[in-house]
Amino acid sequence: MESSQDRQASKEVDKYCINCWSGPRCCSTSLMYAFAQRNDTQVMDEPLYASYLAITGAARPYRDLVLSAQENNAHKVAAGILGPRSKPVLYAKHIAKHKVGLNQSLWQGAQHVLLVREPYGVVQSFSKVIQPSLLELGYGSLLEIYSELRVLGRPPIVIMSDELVRHPEATLRALCAALELSFQPSMLHWAPGPKPYDGVWAPWWYANTHKSTGFDFGYRDVKEPLPDRLKPLLGECWPAYEMLRQHALRPMPADSIPRHINAPRAQSSSHSLRLGREEGPSASPRYGGGSSSSKGPGSSFSSLNAAAAAGEQPSSQTAAAAGGSSSRPSIEDAAAAAASAGGSRAASDTADGSAAAADAAAAAAANAAAAANASGTHVVIPDSRNDNVLVGIRDGTTDAFDVVWRPQARVSVLDSGFMLGDGVWEGIRLVRGVLAFARPHLARLYEAAKALDMDLGVTPKALASMIYSIIDANGMGTSSGVHIRLMVSRGLKSTPYQNPKVTLGKPTIVILPEWKQAAPGPKERGIRLFTVHVRRGPPDVQDPGWNSLSKLNCISACIQANKAGVDEALMLDPQGFVATCNSVNFFIVREGEVWAPRGGYLMRGITRANVMALCREHGLTLRECDFYLTQVYGADEAFATGTFAGILPVVEVDGRTIGSGKRGPLTQQLQQLYTALVEADVAGGREGAWEDQ
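Note that the structure is a prediction, hence the values are computed from the model and not measured.

1. Digging into the overall build of the protein chain
- Helix and strand counts for the protein chain come out as 27 helices and 24 strands.
- Here the analysis covers contacts within the protein chain between residues at least 6 apart in sequence; of these, 75% occur between residues at least 24 apart.
- Surface accessibility of the protein chain: about 28600 Å² in total, with carbon and sulfur atoms responsible for 53%.

2. Digging into the sheet that holds strand β9 (residues 423–431)
- The strand order across the open sheet built from 6 strands is β8-β7-β14-β11-β9-β10, with neighbouring strands paired in antiparallel fashion. Edge positions in the sheet fall to β8 (401–405) and β10 (434–435), since each of these pairs with one other strand and no more.
- Judged from the 8 bridges that link them, strand β11 (residues 482–489) and strand β14 (residues 508–515) form a sheet pairing that is antiparallel. Among the inter-strand pairings, L486 is bridged to a residue of β14, identified as I511.
- Against the sheet, helix α21 (residues 438–451) contacts β9, β10 and β11, and its axis sits at roughly 175° relative to β9.

3. Quick word on the sheet that holds strand β5 (residues 157–160)
- Strand order in the open sheet made by the 5 strands is β2-β3-β1-β4-β5, with parallel pairing throughout. With one partner strand each, in any of the chains shown, β2 (41–45) and β5 form the two edges of the open sheet. Taken pair by pair, the neighbouring strands of this sheet meet at an average axis angle of 25°, ignoring direction.
- Here strand β1 (residues 14–22) pairs with strand β3 (residues 89–95) via 6 bridges, running parallel. Its bridge partner being in β3, W21 is matched across the sheet by H94.

4. With respect to the pairing of strand β20 (residues 593–597)
- Across the 5 residues of β20, 4 count as buried, placing the element largely inside the fold.
- In this sheet, β20 lies alongside strand β19 (residues 585–590) in antiparallel orientation, the contact comprising 3 bridges. Looking across to β20, one finds that V589 is bridged to V594.
- Taking the residues that link successive antiparallel strands as the turn, the β19-β20 hairpin has 2 residues, and the phi of E591 there is positive, at about 50°.
- Where β20 and strand β21 (residues 622–625) come together, 4 bridges link them in parallel fashion. Residue pairing for β21: A596 is matched across the bridge by E624.

5. Notes on the pattern of salt bridges
- For the structure shown, the criterion picks out 30 salt bridges.
- Where R490 meets D422, a salt bridge forms, and the shortest distance between an N and an O atom there is 2.5 Å. Linking R490 in the loop between β11 and β12 (492–493) with D422 in the loop between α20 (416–420) and β9, this pair joins segments that are 68 residues apart in sequence. Considered together, R490 and D422 belong to a single accessibility category, that of buried residues.

6. A word on a nonpolar patch on the surface
- A cluster of nonpolar residues, L65, V200 and W204, forms a patch on the protein surface that exposes about 250 Å² of accessible area.
- Position of V200 among the secondary structure elements: in the loop between α11 (168–178) and α12 (202–205).
- Residue class for V200 comes out partly exposed when judged on its relative accessible area of 32%.

7. Points about the pairing of strand β16 (residues 527–531)
- Where burial is concerned, the two faces of β16 differ: the one with I527, L529 and T531 is buried and the one with R528 and F530 is not.
- Of the strand pairs in this sheet, β16 and strand β23 (residues 646–653) are connected by 3 bridges, and their pairing is parallel. Counterpart to R528 in the pairing with β23 is E652.
- Across 3 bridges, the pairing between β16 and strand β17 (residues 568–572) is parallel.

8. Notes on the packing of aromatic side chains
- Throughout the structure, instances matching the rule amount to 14 aromatic pairs.
- Ring centres 6.5 Å apart and planes at 85° place the aromatic pair Y139 and Y241 in the edge-to-face group. You can see Y139 sitting in helix α9 (residues 139–151) and its partner Y241 sitting in helix α14 (residues 231–245), a full 102 residues away along the chain. Taken as a pair, Y139 and Y241 share a single burial class, namely buried.
- Between W190 and F215 the ring centres are 5.3 Å apart and the planes differ by 80°, which places this aromatic pair in the edge-to-face class. Here the residue W190 occupies a position in the loop between α11 and α12, and F215 occupies one in the loop between α13 (207–211) and α14, the gap between them amounting to 25 residues. When sorted by exposure, W190 lands in the same class as F215, which is buried.
- Taken together, the ring pairs in this structure connect Y33, W190, Y197 and F215 into an aromatic cluster.
- Directly above the aromatic system of F644 lies the positively charged group of K516, at a separation of 5.7 Å from the ring centroid.

9. Some details on the nonpolar core
- Among the nonpolar cores identified, the biggest contains 149 residues, and L31, F35 and L463 are the most heavily contacted of them.
- If sequence neighbours within four positions are ignored, L463 has contacts with L442, L445, Y446, L456, V458, L486 and I509.
- W595, A638, F644 and L648 belong to the second largest nonpolar core, which has 24 residues in total.

10. Observations regarding helix α22 (residues 460–473)
- Taking 1.5 Å of rise per residue, the 14 residues of α22 would be expected to cover 20 Å, and the 20 Å separating its terminal C-alpha atoms lies within 8% of that figure.
- Buried within α22 we find L463, A464, M466, I467, Y468, S469, I470, I471 and A473.
- Positioned one or two residues after α22, G475 has a phi angle of 70°, which is positive.

11. Brief notes about the environment of T209
- Within the secondary structure layout, T209 lies in helix α13.
- Looking at T209, the relative accessible area reads 10%, which means it is buried.
- In this structure, T209 is in contact with T29, S30, Y33 and W190, ignoring residues within four places of it in sequence.

12. Considerations on the environment of R85
- Mapped onto the secondary structure, R85 falls in the loop between α5 (74–82) and β3.
- For the pair R85 and C17, spaced 68 residues apart in the sequence, the C-alpha separation amounts to 9.5 Å.
- In this view, R85 contacts D14, Y16, C17, Q42 and L90; residues no more than four positions away in its chain are not counted.
- At 3.0 Å, the side chain of R85 and the backbone oxygen of P88 are in polar contact.

13. Notes on the packing of α21 against α22
- At a minimum axis separation of 10 Å, α21 and α22 run at an interaxial angle of 120°. If you check the angle between α21 and α22, you find them oblique. α21 and α22 meet at a crossing whose hand is right-handed. Counted together, L442, L445 and Y446 of α21 and P460, L463 and A464 of α22 form the full contact between these two elements.
- Considered class by class, the residues forming the contact of α21 with α22 number 6 nonpolar, no polar and no charged.

14. Notes on helix α24 (residues 552–564)
- In this model α24 runs 18 Å from its N-terminal to its C-terminal C-alpha over 13 residues, within 8% of the 18 Å that 1.5 Å per residue would give.
- Where the residues of α24 are buried, they touch β17.
- Note on α24: the residue one or two positions beyond its end, G565, has a positive phi of about 80°.

15. A look at the side chain of D162
- Here D162 is to be found in helix α10 (residues 161–166).
- Here the side chain of D162 touches E118 through a polar contact of 3.1 Å, landing on its backbone nitrogen.

Parameters at a glance
- Residues numbered from 1 in each chain as written.
- Predicted model: local features only at pLDDT ≥ 70, side-chain atom pairs only at ≥ 80, totals over all residues.
- Heavy atoms only, no water.
- Helix = DSSP H or I, 4+ residues; strand = E, 2+ residues; numbered from the N terminus.
- Contact = heavy atoms within 4.5 Å.
- Areas by Shrake-Rupley, 256 points an atom, 1.4 Å probe, with all protein chains shown as cover.
- Pairing = 2+ DSSP bridges.
- Axes fitted to C-alpha atoms, helices over the stretch in contact; angles between N-to-C directions.
- Buried < 20%, exposed > 50% of the residue type's maximum accessible area, 1.4 Å probe, protein only.
- Salt bridge = Lys/Arg side-chain N within 4 Å of Asp/Glu carboxyl O.
- Patch = residues over 30% accessible without salt bridge, like charges linked within 9 Å, V, L, I, M, F, W, Y side chains within 5 Å.
- Phe/Tyr/Trp six-rings, centres within 6.5 Å; stacked < 30°, edge-to-face > 60°.
- Lys NZ or Arg CZ within 6 Å of the ring centre and 35° of its normal.
- Core = buried A, V, L, I, M, F, W, Y, C linked by side-chain atoms within 4.5 Å.
- Expected span 1.5 Å × (residues − 1).
- Polar contact = N/O pair within 3.5 Å; in protein donor to acceptor, adjacent residues only side chain to side chain.
- Parallel < 35°, antiparallel > 145°, perpendicular 65-115°, else oblique.
- Left-handed = near helix turned anticlockwise from the far one by under 90°.
- Nonpolar A, V, L, I, M, F, W, Y, C, P; charged D, E, K, R; others polar.

In structure tokens:
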């Protein structure tokens, strides 16, 4: 017996009645302008707006204009959309939340497209005009539309606004192919200024679009600081956005077939199609949804459908694996996380914000005092701003670079870094808004990645620009006291297995900035070390020069140091000579000479190299040599170096006092020289590191 779903799916669909649903600030007007340039297409600008205002009572400065200019009844609007038209194709632009009051006729009788933009850009842009909310931004409405059409057996086409702006022709080609329309180059350009088919609300919203003559990437790519009060909203939008992104088309070059955005790249020239739109092994891929006996502008694309039907279809399990993490928090979870993470800054928006701010200031002062008395190589002054930082994540399967609120920042359980520690990382300091020693840090990252046969798919200079965009998004653009953890994993796996062959797409890149000022106490009072039994291995076991995500050798040494009640572990090489500490490099001073362990069994630290260069430049005798613990115990001074804290005196090793038990004069001199070196490095500004490129 035929089911109701079968009956619905079999109804004739006007596949050239195209309804594009989006949230606000998603380049939807530009996409409407693109379709208006076609010689076969009539366009409509948000025909359901008046119905939405009449039903919801939503306040808008132009409310009366809209209500008088448009039909107020959603059913009549739908009938008009499905009715006769002046050209073969109708393109209706809609805002997703305007769907209230619609009956099933439009869902069942027309073609549907979802246009989705990453939440950071939407929140940032929308908040300049109206106070944003989850309802206003429309992610929930978009997901409802997708779900409803999926239940009808006709999941909509999904395209990413950010891909449309960055790769307009390739994205439009993919969309036209999916709609069974020929691509027309005229879609890429239009005249500036208002259009006769603009809605009456255009003066409030379309200023940038009226300046444009095509899809303009520049003005959309600027990351501005997001107020703390809006960051929880970013987290609330994220689950729906990620769900929708899993179904999006990839941009397609000329003479190729569109693929699902998470499909692996083709291994041959066969252009196998991986849309992943329908569930189950027998489902056939669909672009238009529903059958139609009518001939139209895209009838020549019947061969495309035949190719699609022959293409491999991923199961729901495969699609979940390719799409990233399978266990994202719900919107309610995100809201709860936002409430708990808001801290004292959220309280400033409430009536008792002053008291909360005073309490927060007192707590911060207490934390700073505690940090000042603490000892260790990575002692920080706590900063509650870190609860709300924004994190940059480059998804290797989609190539999308997203700005994510910290409570929502996560990678897949199938990511190589999580499963295997397969990846590399760097820690970089920000001084007055400039990455200190950016070039050598990134050179070390790329050298290790190349040794591990990982192609990041982005140049070092472009990666630095990505880091700066996240710094600026956090309002850190002129700051010091910021530390960036840059992490690169091999990327998403299709299954838990170590072989790189089962990696999908490019490496995952995570950029995590924190307000992280090193506490001053350890730089003056020094740190204590304990020699552990865990040795540093030779390069033919695992190159100790790789700053790898797999740090178990160092972590096991750190655990032993913790048990011994000291600040850091001192590690020996396989021959018993001193090699390094578990997270910083080690030096001693004997009779005015600076001794550094040979480089064969240690991380070749950027700060270590800078200190050695300073010794040579300022006439200090430097020896890079093998030495053993007896020579450490008898040293006049000792110190450790690292990116985070710079240079730290070592005042005790294995219970033996080093020298006077205080910071030595040569250590203090090197601290001063190193501070000046950092200042000189950042004086060239953000472009200083790349002046010769």
